[in-house]
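The lines below spell out each chain.
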Amino acid sequence: MTTLMVADDHPLFREAIAAVIAAGLPDSRLLEADSLAQAMREAQRHEASLDLLLLDLGLPDAAGLDGLARLREALPSLPVAILSAEQDRRTVLEAIDLGAVGYIPKSTSRDDMLAALERILEGHLYLPPQVMRRPPTARGNTPPASLDARLTRLTDKQLEVLEALGQGASNKGVARKLGIAETTVKTHVSAILRRLGVTSRVQAVLLAGELDLAAYLAERRGR
């Protein structure tokens, strides 16, 4: 049996999530908490059997990503996914960088939410494509000098891969979009991390996140 917990201070939303899980994941049970303190107590009590904790960012005793950071510190082996109305792209990436295994907007449809939960429970990272494809509000195609120096180390194809990663695409999605093999994507990702001097794909996306990579690449090709 799969055991999940939802930590949200709105009873109606907890009921809605319970209904979605009961219908789509029948061989599961759902624990509930209305505060971070209760979630941490219940998670510690059920640590051996708890498969996933769904955490809202608006809990009354936790501000923003602070709750996630505290959970990761107290229970580093517990998978935590964010389930929130907040849909800022940087917040999504910062949550993943803090160790969240997924980020599901509350506006996600029932079917897509079930698909996201199944993906996370299978051990995959879930990023919301509708948020990741949304451009940052203020960006240009001229990077700061420090970033430009690192971007010049990337080939055009690696910049295309980085742009696709910034839209939330998986390796398979990048391969399909660019018409290359998935193993080639993995090779490009490894090279991107090494040349940008970062240790994770999330850090790479954050680094280039305020830049319009498509426009930057087009400008570079036209030089």
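Residues numbered from 1 in each chain as written. Predicted model: local features only at pLDDT ≥ 70, side-chain atom pairs only at ≥ 80, totals over all residues. Heavy atoms only, no water.

As recorded by an unreviewed UniProt entry, the protein carries the name Response regulator transcription factor and is attributed to Salinicola corii.

*Asks:* Quick rundown of the sheet that holds strand β2 (residues 28-33)? Include the residues and the values.
*Replies:* Within the open sheet, the five strands sit side by side as β2-β1-β3-β4-β5. Their pairing is parallel. Either end of the sheet is taken by a strand with one partner, and the two such strands are β2 and β5 (102-105). Across the sheet, the mean angle from the axis of one strand to that of its neighbour is 20°, orientation sign disregarded. With four bridges connecting them, strand β1 (residues 2-7) and strand β3 (residues 52-55) associate as parallel partners. (Pairing = 2+ DSSP bridges. Helix = DSSP H or I, 4+ residues; strand = E, 2+ residues; numbered from the N terminus. Axes fitted to C-alpha atoms, helices over the stretch in contact; angles between N-to-C directions.)

*Asks:* Explain the confidence of the model for the protein to me, using residue names and the numbers behind them.
*Replies:* Taken over all residues, the pLDDT of the protein has a mean of 87, while the share at 70 or more is 91%. Mean pLDDT across the elements of the protein bottoms out in helix α6 (residues 129-132) (68) and peaks in β3 (97). (pLDDT = per-residue confidence, 0-100.)

*Asks:* Could you give an account of the packing of helix α1 (residues 11-24) against helix α5 (residues 110-121), with specific residues and numbers?
*Replies:* In contact at an axis separation of 10 Å, α1 and α5 are set at 70° when each is read in the N-to-C sense. One way to sum up the angle between α1 and α5 is to call them roughly perpendicular. For the element pair α1 and α5, the recorded crossing hand is right-handed. On α5, the residues that touch Ile 17, Ala 19, Val 20, Ile 21, Ala 23 and Gly 24 of α1 are Arg 110, Met 113, Leu 114, Leu 117 and Glu 118. (Parallel < 35°, antiparallel > 145°, perpendicular 65-115°, else oblique. Left-handed = near helix turned anticlockwise from the far one by under 90°. Contact = heavy atoms within 4.5 Å.)

*Asks:* Could you give an account of the nonpolar core, with specific residues and numbers?
*Replies:* Ranked by size, the top nonpolar core spans 54 residues in total, and within it Leu 53, Leu 55, Leu 151 and Leu 162 carry the most contacts. When residues of this core are assigned to domains, at least three fall in each of domain 1 (2-131) and domain 2 (144-222). Every residue in contact with Leu 162, bar those within four places of it in the chain, is listed here: Leu 151, Leu 154, Ile 192, Leu 196, Ala 204, Val 205, Ala 208 and Leu 213. Listed in part, the 18 residues of the second largest apolar core include Ile 21, Leu 52, Leu 54 and Tyr 126. (Core = buried A, V, L, I, M, F, W, Y, C linked by side-chain atoms within 4.5 Å. Buried < 20%, exposed > 50% of the residue type's maximum accessible area, 1.4 Å probe, protein only. Domains from an automatic or database assignment.)

*Asks:* Which residues make up the pattern of salt bridges, and what are the values?
*Replies:* In the structure shown here, the tally under the stated rule is nine salt bridges. The partner of Glu 32 in a salt bridge is Arg 14, and the shortest N-O contact between them spans 3.0 Å. Note that Glu 32 is positioned in strand β2 and Arg 14 in helix α1, a separation of 18 residues in sequence. Note that Arg 45 is salt-bridged to Glu 42, the shortest N-O span being 3.7 Å. Of this pair, Arg 45 and Glu 42 are both found in helix α2 (residues 36-45), three residues apart, which corresponds to roughly one turn of the helix. Note on Arg 45: relative accessible area 63%, which makes it exposed. Each of the salt bridges in this network shares a partner with another, and the network as a whole consists of Asp 156, Lys 157, Glu 160, Arg 220 and Arg 221. (Salt bridge = Lys/Arg side-chain N within 4 Å of Asp/Glu carboxyl O.)

*Asks:* How would you summarise the domain arrangement of the protein if you had to cite specific residues and measurements?
*Replies:* Under the domain assignment used here, the protein contains domain 1 (2-131) and domain 2 (144-222). Regarding the contact of domain 1 and domain 2, the summed buried area is about 800 Å², with carbon and sulfur atoms giving 55% of it. Seen at the junction of domain 1 and domain 2, the total is zero salt bridges. On the surface where domain 1 and domain 2 come into contact, there are zero residue pairs in polar contact (both at pLDDT 80 or more). A total of five residues in the side of domain 1 that touches domain 2 trace back to one element, the largest contributor, which is helix α4 (residues 89-97). Looking at the side of domain 1 that touches domain 2 residue by residue, the classes come out as four nonpolar, no polar and four charged. (Buried area = accessible area lost by both parts, 1.4 Å probe. Polar contact = N/O pair within 3.5 Å; in protein donor to acceptor, adjacent residues only side chain to side chain. Nonpolar A, V, L, I, M, F, W, Y, C, P; charged D, E, K, R; others polar.)

*Asks:* Residues and numbers for the pairing of β1, please.
*Replies:* Among the six residues in β1, five count as buried, and that is most of the element. Note that β1 and β2 share six bridges and pair parallel. If you follow Ala 7 over to β2, its bridge partner there is Ala 33. Since β1 and β2 lie parallel, the crossover through α1 that links them has a hand, and here it is right-handed. (Right-handed = clockwise from strand over helix to strand, strands pointing away.)

*Asks:* Give a detailed account of the environment of Glu 182, specifying residues and quantitative values.
*Replies:* By secondary structure assignment, the location of Glu 182 is in helix α10 (residues 182-196). With a relative accessible area of 33%, Glu 182 lands in the partly exposed category. Separated by ten residues in sequence, Glu 182 and Lys 172 place their C-alpha atoms 5.7 Å apart.

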